[in-house]
Amino acid sequence: MNCFVRLNYYLCTDQAFETTLMIQNMAITITPIGKTSPTNPGLQMLYYPKVIKTGETDLDEISEKIAYESSLTQADCYAVIISLVHMVSQELDAGKIVRLGHLGCFQISVKGTGSTTPDEVSPKNVQSASIIFRPGKKFKEMLRNLKFVRK
């Protein structure tokens with residue numbers, strides 16, 4: 001069987017079997033999960049939707065798929081992705097917001113302890129740092145168009 005990945009769909013052909021699977025319209029599977037209130041355990045348990053993951057994709061798979069859809073080799077794609085991570089890290093370390101077009105933007109955020117006056121705020125107040133990711137237009141559109149099914 002020959003399978004080709006192109007523009008949001010797989011096209012698989014075989015002499016005895018022919019099908020087209022639309023990835024864009026696939027549904028996210030959810031399941032209910034019960035939670036009680038941590039501040040008031042006596043309250044009734046409420047149930048919330050939880051996404052069931054269907055697997056993982058790693059850097060090798062992503063670079064292979066990008067290579068297939070471009071004129072670059074898998075090694076070239078892998079190198080570009082690794083370099084992108086390195087450069088984004090450097091720019092964030094310099095205190096910059098990194099905007100990557102349709103991908104989105106990254107910036108550093110901190111959590112810390114409060115002080116009574118602005119002059120008392122120092123690096124000692126910082127308890128932890130994290131990276132905030134804000135998705136770009138294509139990711140936001142994908143999120144708006146998600147379909148869900150219950151397990």
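So, how was this worked out
As a convention, each chain's residues are numbered from 1 in the sequence order in which they are written. Restriction of local features to residues with pLDDT of at least 70 applies here, the model being predicted, together with a cutoff of 80 or more for giving and counting side-chain atom pairs; totals for whole chains, interfaces and linings are based on all residues. Note that the side-chain values use all heavy atoms of the structure and ignore hydrogens as well as water. Only residues whose relative accessible area exceeds 30% and that form no salt bridge enter a patch; like-charged residues are grouped when within 9 Å of one another, and nonpolar side chains (Val, Leu, Ile, Met, Phe, Trp, Tyr) when within 5 Å. Residue burial considers only the protein chains on display, and all accessible areas are found by Shrake-Rupley using a 1.4 Å probe. Salt bridge criterion: a side-chain nitrogen from Lys or Arg within 4 Å of a carboxyl oxygen from Asp or Glu. A run of H or I in DSSP counts as a helix once it spans at least four residues, and a run of E counts as a strand once it spans at least two, with each numbered from the N terminus. Two strands make a pair as long as DSSP finds a minimum of two bridges between them. Residues are treated as being in contact if the distance between any of their heavy atoms lies within 4.5 Å. Helix axes are fitted to C-alpha atoms over the stretch in contact, other axes to C-alpha atoms as well, and angles between N-to-C directions run from 0 to 180 degrees. Contacts described as polar in this section are N or O atom pairs within 3.5 Å, which, within protein, must combine one atom able to donate a hydrogen with one able to accept it, while residues neighboring in sequence count only if both atoms come from side chains. Type-normalised accessible area, obtained with a 1.4 Å probe on protein chains alone, sets the label of each residue: buried when under 20%, exposed when over 50%, and partly exposed for intermediate values. Here pLDDT means the predictor's own confidence in every residue, given as a number from 0 to 100. Here roughly perpendicular refers to angles of 65 to 115 degrees, roughly parallel to angles under 35, roughly antiparallel to angles over 145, and oblique to all remaining angles. Crossing handedness is defined as follows: a turn of the near helix away from the far one that is anticlockwise and smaller than a right angle gives a left-handed crossing, while the clockwise case is right-handed. Each residue gets one label: Ala, Val, Leu, Ile, Met, Phe, Trp, Tyr, Cys and Pro are nonpolar, Asp, Glu, Lys and Arg are charged, and the others, such as Gly, are polar.

A word on a nonpolar patch on the surface. A contiguous nonpolar patch, built from Leu-84, Leu-103, Phe-133, Phe-139, Met-142 and Leu-143 and spanning about 490 Å² of accessible area, is present on the exposed surface. Counting residues per element, the nonpolar patch draws most heavily on helix α3 (residues 137-144), at three residues. Following the sequence through the fold, Leu-103 ends up in the loop between β6 (98-99) and β7 (104-112).

Let us look at the sheet that holds strand β8 (residues 126-135). Taking strand neighbours across the sheet as the criterion, the three strands line up as β6-β7-β8 in an open arrangement whose pairing is antiparallel. A strand with exactly one partner marks an edge of an open sheet, and here the two such strands are β6 and β8. As judged from the nine bridges shared by β7 and β8, these two strands associate in the antiparallel manner. If you follow Gly-104 over to β8, its bridge partner there is Pro-135. With respect to the sheet, helix α2 (residues 74-93) is in contact with β6, β7 and β8, its orientation differing from that of β7 by roughly 45 degrees.

What follows covers the side chain of Ser-63. Looking at the element boundaries, Ser-63 is found in helix α1 (residues 59-68). Engagement of the side chain of Ser-63 in a polar contact is seen with the side chain of Gln-74, the distance being 3.4 Å. With residues near it in sequence (within four places) discarded, Ser-63 still touches Gln-74, Cys-77, Tyr-78 and Ile-81.

The next thing to look at is the sheet that holds strand β9 (residues 147-150). Reading across the sheet, the three strands line up as β5-β4-β9 and stay open at both edges, with mixed pairing between neighbours. Looking along the sheet, the strands with just one partner apiece sit at the ends: β5 (46-51) and β9. Sheet twist, expressed as the mean angle between neighbouring strand axes with direction ignored, is 45 degrees. Sheet topology note: the strand β4 (residues 27-35)/β9 ladder contains four bridges and is parallel. By the bridge assignment for β9, Ala-27 is matched with Lys-147.

All right, on to the pairing of β4 then. Pairing analysis gives six bridges linking β4 to β5, with the strands arranged antiparallel. Paired with Ile-30 across the strands is Val-51, a residue of β5.

For Thr-54, the location among the structural elements is in the loop between β5 and α1. Residue Thr-54 is classed as exposed on the basis of its relative accessible area, which comes to 81%. Considering only alpha carbons, one finds Thr-54 and Thr-29, 25 residues apart in sequence, at a separation of 8.6 Å.

A few words now on the confidence of the model for the chain. The pLDDT averaged across the chain works out to 85; a share of 83% of its residues lies at or above 70. The weakest mean pLDDT in the chain belongs to strand β3 (residues 18-22) at 35; the strongest belongs to β6 at 97.

With two bridges connecting them, β6 and β7 associate as antiparallel partners. Pairing of Arg-99 across the sheet is with Cys-105, part of β7.

Next up on the list: the packing of α1 against α2. Interaxial distance between α1 and α2 falls to 8 Å at its minimum, and their mutual angle equals 120 degrees. With respect to α2, the axis of α1 lies oblique. Our pair here, α1 against α2, has a crossing hand that is right-handed. In this structure, α1 uses Leu-59, Asp-60, Ile-62, Ser-63, Glu-64, Ile-66 and Ala-67 to contact α2, whose residues at the interface are Gln-74, Cys-77, Tyr-78, Ile-81 and Ile-82. Classifying every residue of the contact of α1 with α2 gives eight nonpolar, two polar and two charged.

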